[in-house]
Amino acid sequence: MLKKLFKPRNLAIMLVAVGMIVVSSMTPFLKVPKPVVSLAAEPVLHIGGFTISNALLTAWIVMVVLIIMAWAATRRMPKDLERASNQELVPSGFQNLMEMVIEALYNISKSIGGSWTPKFFPIAATIFLFVLLSNWLGLLPGFGSIGILEPPHYASQQGYEAVGAILTGTPAEAAEHEGATTDDAAHGAATGEEAHKFPGYIVVPFFRAPSTDLNFTLALGLISIALVQYFGVKALGFGYFKKFFDVSGFKKGAFDGVVGIFVGVLELISEFARILSFGFRLFGNIFAGEVLLGVMAFLIPYFVSLPFYGLELFVGFIQAAVFMMLTLVFFATATVGHGSEEHH
Amino acid sequence: MDLTALGTALAIGLGAIGPGIGIGILGSKAMEAIGRNPEAAGEIRTNMILGMAFAEAIAIYALVVALIIKFV
């Protein structure tokens, strides 16, 4: 075990790591600025009147990666499954891995969806893979650290001095710019100067994990709940909406009718609450994870943040699984309808 | 007087009480169940982690509110 650890390659890696730690702690130039926590995704590109935020850019990257993965996994599959020999059907390498993942997902879908599995599975599996990749991509180095240098967006943000394209850890002095800002205010603030109101620079990253953008998670929640309604109508016809506007209780008396309507209103509210809880659960978990990693890296540098990377990998997987499971459960309950009331 | 920091701390501090109790109950019940039926440990653990993720989500809502108070 110990012998394996001290192979020449590992020794070289350790030496480089220790060297980097020593150099970075001794050179003031390599002191890094404190991380900027931005709750909203920031715009990085403008195409015409369309603003592309860093989270949207990364979501597109996730899509491209998923498409390439799908292509690579099905590339060696025989075109004609009926006439293919057994030798050709045996998967290997990447295809084998993906078949394992898809099979595990299919078994989970089957245990919840039952006979509806062929309809549910593509959506559930897509949500799982998309969310999983979006969660994990944010853990890569370069996310949140490579970007455009911009002046701070508002007064409470601390700007830093930049040397060339690299942001240093030296906070920009507010004093030398103080005169300029008051001058501008006195002369009616030229709009061109507006952006340079605050001293120094901050990094607006090119890439940001899509799950740390509330728009992304809410959109996924909306899609999921909209599909719940779709499957409900598909399974039960328009009788599905009886769940929300239940007037059948009036046959038994005014009191039962009012209770039925009230229950319907509650159902309607809980349907919207599900969208919000979908959105906030994913956003909160992943965003909090990134903040945690940032805080840990600056609290005790170098090694203490490593276990938290493991934790974030785990949380990313769990959240993707939870999103998929909840979607499946909501699908399943929508297709079953409220059978209990019909038995009365 | 700026009470933002106090608000942030109260939001996450109070919001973590309920989920903390919930996760504690979940964990203790799961341990009990595994003790009674060790063969089902794998399934119990999976369901426990799922349940914990739901309980944790409540704390995460509080955290989101705290982050919004702090950074917006």
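Structure: above.
The sections below set out a description of the structure shown in this document. Because the structure is a prediction, the values reported are computed rather than measured.

For chain B, the count of helices and strands is 3 helices and 0 strands. Each helix and strand of chain B, ordered N terminal to C terminal, gives the series α-α-α. The C-alpha atoms of chain B give 16 Å as radius of gyration, which overshoots the globular expectation for 72 residues (11 Å, by more than 25%). Once the C-alpha set of chain B is aligned to its principal axes, its extents read approximately 60 × 15 × 10 Å. For chain B, buried positions account for 28% of its 72 residues. Across chain B, contacts joining residues at least 24 apart in sequence account for 74% of those joining residues at least 6 apart. Carbon and sulfur atoms make up 71% of the accessible area of chain B, which amounts to about 4400 Å² in all. Between the averaged position of the 4 positive side-chain charges in chain B and that of its 5 negative side-chain charges there is a distance of 3 Å.

Attention now goes to the pattern of salt bridges. Residue and element names in this part refer to chain A. Counted according to the given criterion, the structure contains 1 salt bridge over all chains. Between glutamate 271 and arginine 274 there is a salt bridge, and its shortest N-O distance comes to 3.3 Å. Taken together, the positions of glutamate 271 and arginine 274, both in helix α9 (residues 254-299) and 3 residues apart, correspond to about one turn of that helix. The class for glutamate 271 is buried, based on a relative accessible area of 5%. Looking at arginine 274, the relative accessible area reads 22%, which means it is partly exposed.

A word on the packing of aromatic side chains. Residues and elements named next belong to chain A. Scanning the model with the defined rule gives 18 aromatic pairs over all chains in all. Between phenylalanine 130 and phenylalanine 216, the ring centres sit 5.3 Å apart and the planes meet at 65°, which makes this aromatic pair edge-to-face. Taken together, the positions of phenylalanine 130 in helix α6 (residues 117-137) and phenylalanine 216 in helix α8 (residues 214-236) put the pair 86 residues apart, joining distant regions of the chain. Just as phenylalanine 130 is buried, phenylalanine 216 falls in that class too. Centroid distance phenylalanine 241 to phenylalanine 244: 6.3 Å. Interplanar angle 40°. Geometry classified as tilted. Three or more aromatic residues joined by ring pairs form one cluster here, namely Trp116, Phe120, Tyr230, Phe231 and Phe331. The ring of tryptophan 71 has arginine 75 sitting right over it, with the charged end atom 5.4 Å from the ring centre.

Here we come to the interface of chain B and chain A. The partner chain A presents 17 residues to the 14 residues of chain B that form the contact. Looking at the side of chain B facing chain A, the largest losses of area belong to Phe54, Tyr61 and Phe71 of chain B, adding up to 34% of the total buried there. Linking chain B with chain A are 0 residue pairs in polar contact (both at pLDDT 80 or more). Here the residues of the side of chain B that touches chain A are counted per class, giving 13 nonpolar, no polar and 1 charged.

What follows covers helix α5 (residues 93-113) of chain A. All names here are of chain A. The first and last C-alpha atoms of α5 sit 30 Å apart over 21 residues, in line with the 30 Å expected at 1.5 Å per residue. Among all positions in α5, only Gln95, Met98, Leu105, Ser109 and Gly113 are buried. Looking straight down α5, one finds its buried side chains confined to an arc of 100°; they lie on one side. For α5, the exposed residues set more than 90 degrees away from the buried face come down to Gly93, Met100, Glu103 and Ser111. After α5 finishes, the residue glycine 114 shows a positive phi value of roughly 60°.

Attention now goes to the packing of α9 of chain A against helix α10 (residues 305-336) of chain A. Here α9 of chain A crosses α10 of chain A at 175°, and the two axes come no closer than 10 Å. Classified by the angle their axes make, α9 of chain A and α10 of chain A are roughly antiparallel.

What follows concerns the environment of valine 72 of chain B. All names here are of chain B. Inspection of the secondary structure assignment puts valine 72 in the segment after α3 (41-71). Owing to a relative accessible area of 72%, valine 72 belongs among the exposed residues under this scheme. Separated by 40 residues in the primary sequence, valine 72 and glutamate 32 have C-alpha atoms spaced 44 Å apart.

Cut-offs used in this document
- Residues numbered from 1 in each chain as written.
- Chains lettered and ligands numbered in written order.
- Predicted model: local features only at pLDDT ≥ 70, side-chain atom pairs only at ≥ 80, totals over all residues.
- Heavy atoms only, no water.
- Helix = DSSP H or I, 4+ residues; strand = E, 2+ residues; numbered from the N terminus.
- Rg over C-alpha atoms; globule rule 2.2 N^0.38 Å.
- Buried < 20%, exposed > 50% of the residue type's maximum accessible area, 1.4 Å probe, protein only.
- Contact = heavy atoms within 4.5 Å.
- Areas by Shrake-Rupley, 256 points an atom, 1.4 Å probe, with all protein chains shown as cover.
- Lys, Arg positive; Asp, Glu negative; His and termini not counted.
- Charge placed at Lys NZ, Arg CZ, Asp CG, Glu CD.
- Salt bridge = Lys/Arg side-chain N within 4 Å of Asp/Glu carboxyl O.
- Phe/Tyr/Trp six-rings, centres within 6.5 Å; stacked < 30°, edge-to-face > 60°.
- Lys NZ or Arg CZ within 6 Å of the ring centre and 35° of its normal.
- Buried area = accessible area lost by both parts, 1.4 Å probe.
- Polar contact = N/O pair within 3.5 Å; in protein donor to acceptor, adjacent residues only side chain to side chain.
- Nonpolar A, V, L, I, M, F, W, Y, C, P; charged D, E, K, R; others polar.
- Expected span 1.5 Å × (residues − 1).
- Arc of directions from axis to C-beta.
- Axes fitted to C-alpha atoms, helices over the stretch in contact; angles between N-to-C directions.
- Parallel < 35°, antiparallel > 145°, perpendicular 65-115°, else oblique.

Interpretation note: all reported values are geometric properties and have no functional meaning in isolation.
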